2 protein chains.
Amino acid sequence: MRDSIRVLILGSGQMAREIVRVLQSKRGVAVVGVCDRRPDLDAAGIAGIMGLDADVDVQVESDLATAIQRVQPDIAIQATRSHLVEVWPDIRLLLSGGVSVISIAEEMAFPSCSSKAIARQMHDVALANGAVVLGTGVNPGFVMDLLVIVLSGVCAHVDSISATRANDLSPYGPSVLKAQGVGMTPDAFDRGLRDGSISGHIGFRQSMHMVAHALGWTIDTIEETREPIVSTVRRETPHVVVEPGCVAGCLHRAVAYRNGAQVITLTHPQQVHPALEGETTADRIEIRGVPNIQFEGCPEIPGGQATAALAVNVIPRVLSASPGLHTMADLPVPAALSADVRKFIQPGVVAPDG
Amino acid sequence: MRDSIRVLILGSGQMAREIVRVLQSKRGVAVVGVCDRRPDLDAAGIAGIMGLDADVDVQVESDLATAIQRVQPDIAIQATRSHLVEVWPDIRLLLSGGVSVISIAEEMAFPSCSSKAIARQMHDVALANGAVVLGTGVNPGFVMDLLVIVLSGVCAHVDSISATRANDLSPYGPSVLKAQGVGMTPDAFDRGLRDGSISGHIGFRQSMHMVAHALGWTIDTIEETREPIVSTVRRETPHVVVEPGCVAGCLHRAVAYRNGAQVITLTHPQQVHPALEGETTADRIEIRGVPNIQFEGCPEIPGGQATAALAVNVIPRVLSASPGLHTMADLPVPAALSADVRKFIQPGVVAPDG
C-alpha cells in the first residue's frame with residue numbers, strides 16, 4: 001500500500017485542533033505540517049496546543065510556500081477563515097503546487113456565490129495542476145444542502161423546501177460567538193448588524209445555490225433577516241458570558257425565490273445554551289412535493305464535531321475525484337471511515353466482492 | 001443539446017407503470033420501448049395499461065434482444081423481479097449490447113451479497129461494453145443504506161448503527177403483499193416461512209454490506225428473524241383482505257456482527273394499514289458514535305413513489321459514471337431533477353458559475 005496520506009493543516013484554532021484530533025484517530029493518514037501565523041505563539045507553541053510533537057512528527061511553518069516545499073503534502077485541510085476572498089490566496093498557492101485542498105471556509109461550499117471570477121480561476125488552477133478542491137462543513141456543506149439534496153432524490157417533483165437548524169453555540173470559540181453577537185447588548189447587536197461585524201450564519205446563499213444547482217432550479221433573489229435572541233437568564237461558556245437582557249445568539253432566516261415563488265426557506269437560530277430557556281435543538285428538513293418528505297434530527301448534529309469529521313472523511317473522496325473544483329453534491333457521499341483511509345481511495349467502481 | 005435520452009422499460013407491473021409516469025413528467029427523456037412477456041396482454045394491451053401509445057411512441061416487445069435492436073435505448077430501467085439470478089440474464093443481454101441498466105431488483109443494490117461470481121461477471125461485461133449498471137430503490141438503495149452512510153459522514157467514529165422502517169404496504173401490488181404473507185392465517189404464514197414463499201423484506205443483507213463497505217467494516221455474520229403481524233381488525237386494500245386474526249404483514253429484523261459485536265441492527269415491520277391499529281409509520285436512523293446521530297422521518301418515505309423517483313433521478317448519474325457495476329454509495333447523490341434531464345449528464349466538476 002502507498003505511504004500514509006500526508007496532510008498539511010492550515011490554521012491552529014479550535015476547528016484546526018479538532019480536525020487534528022480526528023486525523024490522529026485514523027490509520028493511513030498523517031499530519032505532517034501545520035501552517036499558521038500567530039503573534040502569540042511560536043512553532044513549538046502551536047505544535048503544543050495542537051497536540052503534535054513539532055520536533056519529530058510535524059513541521060510548523062508560518063509561511064505557506066515554505067510549508068508546501070518542506071512538507072510535500074498530498075492534501076491540505078484549511079481551517080482558517082470564512083470568506084472566499086480571505087481563503088483564496090492560500091488555496092491558489094496550494095493548488096498551484098499540485099496540492100489538493102479541503103476547506104471548511106463557509107463560502108467554499110459553493111464558491112461562485114461569492115465570486116464567479118474566483119470560482120472560475122480556482123477551477124482552472126486546480127485543473128491545470130491536477131489538483132482537487134472541495135468546500136465542506138456541517139452547514140453549509142451538509143445539513144441544509146447535501147442532506148436536502150439526498151432526500152429530494154426520492155421525489156418525482158419538488159415544489160418547495162424548508163430547513164431549520166436550531167443549534168447550540170456553546171462549544172464554539174470566540175470568532176464564531178462574536179459573529180453571532182453572543183454576549184452583546186441588543187443595541188450593540190443592532191450596530192454590529194449595521195457595520196457588518198455581526199454576520200449571523202454564513203452559508204445560506206451557498207446552501208441555496210447548491211440545492212438549486214442539484215435540482216436544476218434558477219434562483220431569482222434571496223432575502224435574509226437577522227434578529228437578536230435576547231436571553232432572560234445568565235448563560236456562560238468558556239469564551240463568553242451572556243447577562244440577562246443581553247444577546248444569546250442570532251435568529252437568521254433566508255428565503256429564496258424562483259419565478260416569483262418562495263422555494264427554499266432556511267431558518268437558523270443559533271445561540272449558547274438554548275436549553276436554559278427550554279429551547280430544544282434540532283435539524284429539520286421538509287420537502288413539499290411528490291411525495292412530501294420530512295426528516296428531523298433531535299438534538300441537532302453537533303456542528304464542530306461534524307465539520308471536523310467531514311473534513312477528514314472526505315479525504316479519499318477528494319483524492320479519488322477528477323481534478324478541479326467540486327462541491328459536496330457532486331462527489332460520492334462521505335462516510336465514517338473506520339478502516340485505513342488509504343483503502344477508500346479510488347474504489348471508483350465498487351469491488352463486486354466487497 | 002443531444003436528443004432525448006431513450007429509455008427502455010423492462011416489466012409492466014405496478015412499479016414499471018409508476019416509473020413510466022415519472023418519466024413522462026420529465027423533459028429530455030423519452031420512453032421508447034417496453035419489454036415484457038405476459039400471457040394476459042398483447043403489445044397494445046401492455047402499452048395501454050402503461051399509459052403509452054404503442055403505435056406512435058413506443059415499441060412493445062416480448063423479446064429483449066429484439067427490443068434492444070429495434071429501440072436502440074440509451075438506458076434500460078428494469079422493474080421485473082427481486083433476485084439476482086432472476087434479473088441477471090436480461091442485465092447481461094443489455095450490458096452486452098452497450099445499454100446501461102438501472103435495476104430496482106432488491107438484490108441489485110449490492111449484487112455480491114447474492115453471488116460474487118455474477119457480480120464480478122456483471123462488472124466485467126459492463127466494463128467491456130462501456131456500459132454502467134446500478135441497483136437502486138427506496139430500500140435497499142436508500143433508507144437503510146445510502147441515508148445511513150451519508151449521516152455517518154459527520155461522525156469521526158461509529159460504534160453501531162440501528163435503523164427502523166415501519167411502513168404501510170397498502171399501496172403495493174399482489175407480488176409484494178404475497179411475499180410478506182399479507183392476508184394469510186398465522187399457520188399459513190409459518191408454512192410460507194418454512195417453504196420460502198414468504199421472504200419478508202428483501203434487502204437487509206444488501207443494505208448491511210453496502211454500509212459496511214462504505215465504512216470499511218467486515219461483517220462476520222448476519223442473523224435474521226421474521227414474525228407475523230397479526231391483525232385484530234379487518235384491513236382491506238385493492239389487492240388483499242386481512243380478516244381479524246390473520247396476518248397484516250411481517251416484522252423482519254436483521255442483526256450484523258463484526259468482531260463478535262452487534263454493529264448493525266435493522267428492523268422493518270411492514271403491514272397494510274398500520275394506522276387501523278394505531279401504529280405510526282416512520283423511518284428512524286440511529287448512529288452510536290462520535291457524535292451520536294439520530295434522524296427520523298414520520299411518516300415513512302413512501303416506498304413505491306420513492307423507488308420510481310430514484311430510478312428516474314439516477315439516470316444522469318448512471319450516464320455520467322465510469323463503466324462498470326456501481327452502488328448508490330459510490331455515485332454522486334441523487335436529486336429531484338427539475339430541469340431537462342440531459343442537463344444533469346456529466347456535470348462532473350460543478351460549473352463554477354452554477
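Conventions and cut-offs
Residues numbered from 1 in each chain as written. Chains lettered and ligands numbered in written order. Predicted model: local features only at pLDDT ≥ 70, side-chain atom pairs only at ≥ 80, totals over all residues. Heavy atoms only, no water. Helix = DSSP H or I, 4+ residues; strand = E, 2+ residues; numbered from the N terminus. Buried < 20%, exposed > 50% of the residue type's maximum accessible area, 1.4 Å probe, protein only. Contact = heavy atoms within 4.5 Å. Areas by Shrake-Rupley, 256 points an atom, 1.4 Å probe, with all protein chains shown as cover. Lys, Arg positive; Asp, Glu negative; His and termini not counted. Charge placed at Lys NZ, Arg CZ, Asp CG, Glu CD. Buried area = accessible area lost by both parts, 1.4 Å probe. Salt bridge = Lys/Arg side-chain N within 4 Å of Asp/Glu carboxyl O. Polar contact = N/O pair within 3.5 Å; in protein donor to acceptor, adjacent residues only side chain to side chain. Least-squares fit on C-alpha atoms with pLDDT ≥ 70 in both. Core = buried A, V, L, I, M, F, W, Y, C linked by side-chain atoms within 4.5 Å. Axes fitted to C-alpha atoms, helices over the stretch in contact; angles between N-to-C directions. Parallel < 35°, antiparallel > 145°, perpendicular 65-115°, else oblique. Left-handed = near helix turned anticlockwise from the far one by under 90°. Nonpolar A, V, L, I, M, F, W, Y, C, P; charged D, E, K, R; others polar. Pairing = 2+ DSSP bridges. Right-handed = clockwise from strand over helix to strand, strands pointing away. pLDDT = per-residue confidence, 0-100.

Chemist: Where do I start with the overall build of chain A in this structure?
Modeler: Regarding its fold elements, chain A presents 11 helices and 15 strands. Along the longest, intermediate and shortest principal axes, the C-alpha atoms of chain A span 50 × 50 × 40 Å. Here chain A holds 354 residues, and the buried ones make up 60% of them. Sequence-distant contacts, at least 24 apart, represent 75% of the contacts inside chain A between residues at least 6 apart. If you sum the accessible surface of chain A, you get close to 13100 Å²; carbon and sulfur atoms cover 47% of it. Averaging the coordinates of the 28 positive side-chain charges in chain A and doing the same for the 37 negative ones gives two points 2 Å apart.

Chemist: Explain the interface of chain A and chain B here, please?
Modeler: Where the parts come together, the accessible area they lose is often given as the size of the interface. The interface is formed by 67 residues belonging to chain A together with 67 residues belonging to chain B. A combined buried area of about 5400 Å² lies between chain A and chain B, and 66% of that area is made up of carbon and sulfur atoms. Counting every contact that joins chain A to chain B gives 0 salt bridges. Taken together, the connections running from chain A to chain B amount to 14 residue pairs in polar contact (both at pLDDT 80 or more).

Chemist: Just to check I follow, could you spell out the relation of the copies chain A and chain B for this structure?
Modeler: Both copies of the chain are tied together by a single rotation about an axis and a shift running along it. Once chain A has been moved 0.0 Å along the axis and rotated by 180°, it coincides with chain B to within an RMSD of 0.0 Å. On this basis, the relationship between the two copies can be described by a two-fold rotation axis. Nearest to the rotation axis, the C-alpha of A:Pro332 is located 2.1 Å from it, this being the minimum over chain A.

Chemist: Looking at this structure, I do not really get the nonpolar core. What am I missing?
Modeler: Where a protein is soluble and globular, its nonpolar side chains tend to be buried together. Core analysis: the largest hydrophobic core is formed by 170 residues, its most contacted members being A:Ile9, A:Ile315, B:Ile9 and B:Ile315. Ignoring sequence-local partners within four residues, the contact set of A:Ile315 consists of A:Ile5, A:Val7, A:Leu23, A:Val29, A:Ile75, A:Ile77, A:Ile102 and A:Val341.

Chemist: What's the story with the packing of helix α4 (residues 84-96) of chain B against helix α5 (residues 116-128) of chain B in this structure? I'm lost.
Modeler: Helix packing for two helices is described by the angle between their axes and how far apart those axes are. All names here are of chain B. Contact geometry for α4 and α5: axes closest at 10 Å, N-to-C directions at 15°. Classed by the angle they form, the pair α4 and α5 counts as roughly parallel. Crossing geometry of α4 relative to α5 is assigned as left-handed. Every residue of α5 that contacts α4 at Leu84, Val85, Trp88, Ile91, Arg92, Leu95 and Ser96 is listed here: Ile118, Gln121, Met122, Val125 and Ala126. When its residues are assigned to classes, the contact of α4 with α5 shows 9 nonpolar, 2 polar and 1 charged.

Chemist: What's the story with the sheet that holds strand β15 (residues 324-326) of chain B in this structure? I'm lost.
Modeler: Hydrogen bonds between backbone groups are what pair the strands of a sheet, and the pairing can be parallel or antiparallel. Residues and elements named next belong to chain B. Strand order in the open sheet formed by 7 strands is β3-β2-β1-β4-β5-β6-β15, and the pairing between neighbours is parallel. Pairing within the sheet leaves two strands with one partner each, and these edge strands are β3 (59-61) and β15. Each neighbouring strand pair of the sheet contributes to a mean axis angle of 20°, computed without reference to strand direction. Direction of pairing for strand β4 (residues 75-78) relative to strand β5 (residues 100-103): parallel, over a ladder of 4 bridges. Its bridge partner lying in β5, Ile77 is registered against Ile102. Contacting β1 (5-10), β2 (29-35) and β3, helix α3 (residues 64-71) crosses the sheet at an angle of about 165° to β1.

Chemist: Help me out: how do you make sense of the side chain of B:Asp145 in this one?
Modeler: Residues and elements named next belong to chain B. Within the element layout of this structure, Asp145 appears in the loop between β6 (132-135) and α6 (146-152). Buried charge without a salt bridge: Asp145, with Arg165 as the nearest opposite-charge side chain at an N-O distance of 10 Å. Engagement of the side chain of Asp145 in a polar contact is seen with the backbone nitrogen of Phe142, the distance being 2.8 Å. Beyond its immediate stretch of four places on either side in the chain, Asp145 contacts Pro140, Ser207, Met210 and Val211.

Chemist: What's the story with the pairing of strand β5 (residues 100-103) of chain A in this structure? I'm lost.
Modeler: Two faces make up the sheet, and in a regular strand the side chains alternate between them. Residue and element names in this part refer to chain A. Side chains Ser100 and Ile102 project from β5 onto one buried face, and the interleaved Val101 and Ser103 project onto a second face that is buried too. With helix α4 (residues 84-96) bridging strand β4 (residues 75-78) and its parallel neighbour β5, the resulting β-α-β unit is right-handed. Both β5 and strand β6 (residues 132-135) contribute to a ladder of 3 bridges, which runs parallel. When the sheet's bridge partners are listed, Ser103 is paired in β6 with Gly135. Between β5 and its parallel partner β6, the chain crosses via helix α5 (residues 116-128), and the hand of that crossover is right-handed.

Chemist: Sorry, what's going on with the pairing of β4(B) here?
Modeler: Residue and element names in this part refer to chain B. Burial along β4 is two-sided: Ile75 and Ile77 facing one way and Ala76 and Gln78 facing the other are all buried. Where β1 lies against β4, 4 bridges are found, and the strand directions are parallel. Directly across from Val7, in β4, lies its bridge partner Ile75.

Chemist: Help me out: how do you make sense of the side chain of A:Ser103 in this one?
Modeler: Residue and element names in this part refer to chain A. Among the secondary structure elements, Ser103 is positioned in strand β5. Only 3.1 Å separates the side chain of Ser103 from the backbone nitrogen of Ala105, close enough to count as a polar contact. Setting aside anything within four residues of it in sequence, one finds Ser103 in contact with Gln78, Ile91, Met108, Leu134, Gly135 and Thr136.

Chemist: Quick question: what am I supposed to make of the confidence of the model for chain A here?
Modeler: The predicted coordinates ought not to be read in detail in places where the model reports low pLDDT. Residues and elements named next belong to chain A. Mean pLDDT over chain A stands at 94; residues scoring 70 or higher make up 97%. Scored below 50 in pLDDT, residues 348-354 makes 27 contacts in the model with residues more than four places away or belonging to other chains. For this predicted complex, the interface confidence reaches an ipTM of 0.96, while the overall pTM sits at 0.96.

Chemist: I'm lost on the pattern of salt bridges in this one. Help?
Modeler: A side chain with one charge may pair with a side chain of the opposite charge, provided their charged atoms come close. All names here are of chain B. Across all of its chains, the model carries 34 salt bridges over all chains by this definition. One salt bridge connects Arg70 with Glu61, and the closest N-O pair in it is separated by 2.9 Å. One salt bridge in this structure joins Glu224 and Arg205, with 2.8 Å as the shortest N-O distance. Residue Glu224 is located in strand β8 (residues 221-230), and its partner Arg205 is located in helix α9 (residues 204-215); the two are separated by 19 residues in the primary sequence. In this structure Glu224 comes out as partly exposed when scored by relative accessible area, which is 26%.

Chemist: Just to check I follow, could you spell out the environment of B:Arg21 for this structure?
Modeler: Residue and element names in this part refer to chain B. For Arg21, the location among the structural elements is in helix α1 (residues 14-24). The exposure class of Arg21 is partly exposed, given its relative accessible area of 48%. Sequence separation between Arg21 and Leu52 is 31 residues; the distance between their C-alpha atoms is 9.7 Å.

Chemist: Help me out: how do you make sense of the sheet that holds β4(A) in this one?
Modeler: Residue and element names in this part refer to chain A. Taken in spatial order, the 7 strands make up an open sheet running β3-β2-β1-β4-β5-β6-β15, and their pairing is parallel. Two strands lie at the open edges of the sheet, namely β3 (59-61) and β15 (324-326), each paired on one side alone. For this sheet, the mean inter-axis angle between neighbouring strands, taken without regard to orientation, is 20°. Both β6 and β15 contribute to a ladder of 3 bridges, which runs parallel. Bridge pairing in β15 links Leu134 to His326. Lying on the sheet, α5 is in contact with β6 and β15; it crosses β15 at an angle near 125°.

Chemist: Would you take a moment to explain the packing of helix α1 (residues 14-24) of chain A against helix α10 (residues 303-313) of chain A for this structure?
Modeler: All names here are of chain A. Axis separation between α1 and α10 bottoms out at 9 Å; the angle between their running directions is 55°. One element, α1, and the other, α10, form an angle in the oblique class. Note that α1 runs across α10; the crossing there is right-handed. Here Met15, Glu18, Ile19, Val22 and Leu23 of α1 come into contact with α10, specifically with Gly304, Gln305, Thr307, Ala308, Ala309, Ala311 and Val312. The residue makeup of the contact of α1 with α10, split by class, is 8 nonpolar, 3 polar and 1 charged.

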